[in-house]
Structures are given as C-alpha cells and as structure tokens.
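# Observations on chain architecture
Here is what each chain is made of, one letter per residue.
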Amino acid sequence: MTTHDEEKPIKAFKAPREVEWRPLEAKPDDDDQQRRARNNQEELHNMLLGSLQMQHVVVLAGSGCSLAAGAPSMSDLWDAVVGKPATEEAKTAATTVNHDINTKNIEALLSRIEASLQLNEEAALRTFLNNSKTIILEKCSGFLDEEKLAAHRRFLHRLSRRRARDQRLKIFTTNYDLCFERAASALGGIAIDGFSFTAPRRYDPRYFNYDLVRRPRSGEEASYLEGVFLLYKLHGSVSWAKKSDGTLLEEMKPTPDEACLIYPAAGKYQQSFSQPHLESMAQYLSAVREPNTCVVVAGFGFNDDHLSEPLLAAVQSNPHLRLIIVDPYAEQQTTGENKYWQAFNSLACKGEDIWFVAADFEAFSEMVPDLKSLTPADTLMKAVQGVIKPS
C-alpha cells in the first residue's frame, strides 16, 4: 500500500516523450505562470476531446473514484476489521498466521488467513475471517450519499454523450459500491450491467450484447438511446446475491454468505476467473485490444496484477491504443516502487501514447470535455488543434 502526504500536489499532466510535468494551476499573482497554465489546460483539453471521440472509450475505475463519495479507503477497512487499537481477536489471528499487525495491510492479513485455512481449518481463524468479510460488506454498502455523487454524475453525463455511430462507453470497476449505478439513475441514464430488465433481476452475460433504441410512433427510423453505457463490476457488487443453485440475483442487502464479492486478498486473482467475474474479465481483456481505443484509468493504483498485466501487454502490442492514467499522486507514483507505474512511465518516455494526469477523480471529471456543448464546426476545429502542433 502506498502512503502519501495529506496535501495533494498541484494538478498537472505529462505527455508522451516528455520528462517534465506541465502544471495546470498557477499562483493568482503570477501572470507568466497563469499564461503557461492556461496553455497547458488548453492542450490537455484538446487531447481529451480527441480521445473521447475515438471509436472505443474504456474506463478502468478503482477505489479512488469512490473516495469523494464517502467510500472507505483500505486503511479505513483495516481499522474497521482489526480495530483501533487492534482487538484481541485480531491480534490472535495475526499471530496465528505470522502477520505483523503493525503493517496495517488488510489484503496481506486476509490473504495469510485464507492460505492458513487451506492447510488447517481452525474455528477461531474462520470466525475472524467471516466477521471480517461481514464488516467489509457493511462498510462498502452503507456509505453511499447521493449528494456526494456530483463527480460521478458529471463524468457519466459527459462521457456517455458520444456519437451514436461510436461504440458504447464501457466502464470496468473494481469497486463493490453502487456509485455509478446511482449516478446514472439520477441522470436518467441506463447502465447495462448483465442483469435482466425485469424483477427479480437475474444475471446473464447475454444482456451485455443488448442495446436500447428509441422507436418513434410516427414510423421514423429508430435511433440509439442516449445515456446508455456498459458497466462491468470486476470484483462483484454489494447488490449481488449468489444463491445455492448458482443463480445470481440483484438484492439490496444480500447476506454475507450470499454476497458475490472478491474480497481484498491474494485469492482474488483465481476468483476473477470464475463466474460471474469471468465474463467481465473476458470483456476487459478484449476491450483493451480493440483498435482505435482510448483507455482512461482513474483511481486505480495498479496493485492488481490480473488487471495491470493485460493493460501493459495491450499498450505494448496495440498500436492504436491511447492510455490516460489519472491519479492525484501520479508524479510520485511514476518514480515509486510499483513495477507497473514504472513500466508505463518508461514506455511513455519512449513515445508510447500514454498520458499522465495528476488530479483526483472529482477534478478530472471537470476536465472532461462536454461533447454535446460544441457545434460540429467547433468539434472539427478542436480535433484539428489537438493533432496539429505549431512548429
């Protein structure tokens, strides 16, 4: 787990082949800085405008996207499960699996417990694991405050207003929460998430192949409905309940035993290749290899190898892929210890189409261009400006 100072760095971005970061903010009393910041904002805007008009737009959203809406961080989950200070049950469990409780790594602790139970079933350890999963489910279910979903609403509103001839926006998220679903509902949008359109909503991957059209009563030709996007929840959802017969239903409060989640532990790699997670993984692996594709990674720390490795391979093998990585600490991350951040930064320096944006999800949602606010002439001019740089 990466730790950062509480104060976030200034918003900035880094383009391919560049070493220096370009600031997007400036001191109010420095005219020169203000001018450079405006120029940088304009270039980033043009890049984003061109990117979001590519045939395929894919979003990989991590836990950082939900923090502004009140979602618990990994450290919050640690405090909830282990206690602050640590409970005697937590200390005993950590000692049993030889985990240093001072590291405060919830994923490492649960991974060790799961591994230990595979070798030797122990009642106290099993109870602690089950209780931990119950707490995590409750923490990821109960935080949602729709008044804090402004960033999600703005993000969906702008990205889902793409041209009808382009492919639908695809959002892949590792988050269990319902932020994107609630934001879409508030906008009057529709998330095609693999569940049926009738109650009780049942999961069937065939629904990902469906779309919605508006059919006028006058007999005119049908047109695609606006505001529709595909939502793939890679690690499950707090509203998924897997029944004893294998049926997956949408329920607002599934029991801990029925909750279909991939909890933070090393076993999530193996669980990702079982249904229903397998379908989302297959779609993800396919989406990042499509030609003329823009992938936006937001709030994701590249700590999940099963998601990071395919993206790195796609960058190296797909010449028509543009990757935009958004993180408030992106500048520090590119020089940190994570091998994927290092690899993406190295490839960007060599000229691969990889852009880094140092901003949190809320700030980035404001940077996303509103495609429908531009006239066709403006759109063409902006696109041209984005690809033609002055000599």
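Residues numbered from 1 in each chain as written. Predicted model: local features only at pLDDT ≥ 70, side-chain atom pairs only at ≥ 80, totals over all residues. Heavy atoms only, no water.

### What about the overall build of the protein chain?
The following threshold applies: Elements are defined by DSSP. Helices are runs of H or I of four residues or more, strands are runs of E of two residues or more, and each kind is numbered from the N terminus. For the radius of gyration, the atoms used are the C-alpha atoms, and the globule rule reads 2.2 Å times the number of residues raised to 0.38. Three exposure classes are used, based on accessible area relative to the maximum for each residue type with a 1.4 Å probe and protein chains only: buried under 20%, partly exposed in between, and exposed over 50%. Two residues qualify as a contact provided that any one of their heavy atoms is within 4.5 Å of a heavy atom in the partner residue.
The helix and strand inventory of the protein chain stands at 14 helices and 14 strands. A compact globule built from 391 residues should have a C-alpha radius of gyration of about 21 Å, and the protein chain, at 22 Å, falls within 12% of that. Counting only C-alpha atoms, the protein chain reaches 70 × 60 × 40 Å along its principal axes. Counting only residues that meet the buried cut, the protein chain has 46% of its 391 residues in that class. Considering only residue pairs separated by 6 or more positions, the protein chain has 71% of its internal contacts joining residues 24 or more positions apart.

### Observations regarding the sheet that holds strand β9 (residues 236-242)
Put simply, the rule is: A strand pair is defined by DSSP finding two or more bridges across the two strands. To get an axis, fit a line to the C-alpha atoms, keeping to the stretch in contact for a helix; angles then go from 0 to 180 degrees between the N-to-C directions.
Strands sit in the order β10-β9-β11 across an open sheet of three strands; the sheet is antiparallel. This sheet does not close on itself; its edge strands, each paired only once, are β10 (248-250) and β11 (259-261). Sheet twist, expressed as the mean angle between neighbouring strand axes with direction ignored, is 50°. Bridging between β9 and β11 involves two bridges; their strand directions are antiparallel. Residue pairing for β11: A241 is matched across the bridge by A259.

### A short note on the packing of helix α10 (residues 305-317) against helix α12 (residues 339-349)
Stated precisely, the cut-off is as follows: Oblique is the label for any angle not covered by the other classes, which are roughly parallel (under 35 degrees), roughly antiparallel (over 145) and roughly perpendicular (65 to 115). Working rule for handedness: look at the near helix, and if it is turned counterclockwise from the far one by less than a right angle, call the crossing left-handed; if clockwise, right-handed. Here the nonpolar group is Ala, Val, Leu, Ile, Met, Phe, Trp, Tyr, Cys and Pro; Asp, Glu, Lys and Arg are the charged ones; every other residue, Gly included, is treated as polar.
At a closest axis distance of 11 Å, the pairing of α10 and α12 adopts a crossing angle of 15°. The angle between the axes of α10 and α12 places the two elements in the roughly parallel class. Seen along the crossing, α10 lies across α12 with a hand that is left-handed. Across from D305, S308, E309, L311, L312, V315 and Q316 in α10, the residues of α12 making contact are K339, Y340, A343, F344 and L347. Its residues assigned to classes, the contact of α10 with α12 shows seven nonpolar, two polar and three charged.

### Overview of the side chain of S51
Note the following rule: Two N or O atoms count as a polar contact when they lie within 3.5 Å, although within protein this holds only if one can serve as hydrogen donor and the other as acceptor, and sequence-adjacent residues are included solely when both atoms are side-chain atoms.
For S51, the location among the structural elements is in helix α1 (residues 31-51). For S51, a relative accessible area of 0% corresponds to the buried category. One polar contact links the side chain of S51 to the main-chain carbonyl oxygen of M47, over a distance of 2.7 Å. Those residues in contact with S51 that lie beyond four places of it in its chain are V57, C294, R322 and I324.

### As for helix α5 (residues 123-142)
Stated precisely, the cut-off is as follows: The span one expects for a helix is its residue count, reduced by one, times 1.5 Å.
If you check α5, its first and last C-alpha atoms are 29 Å apart, about what 20 residues at 1.5 Å a residue would give, namely 28 Å. L125, F128, L129, S132, I136, L137 and C140 are the residues of α5 that are buried. Against α2 (74-82), α3 (88-96), α4 (106-119), β9 and β11 lie the buried residues of α5.

### Some details on the confidence of the model for the protein chain
Inclusion rule: What pLDDT conveys is the predictor's confidence in a given residue, as a value from 0 to 100.
On average, residues of the protein chain carry a pLDDT of 88, and 91% of them reach 70 or more. Every residue in residues 1-6 is under pLDDT 50, and counting partners more than four places away or in other chains gives ten contacts.

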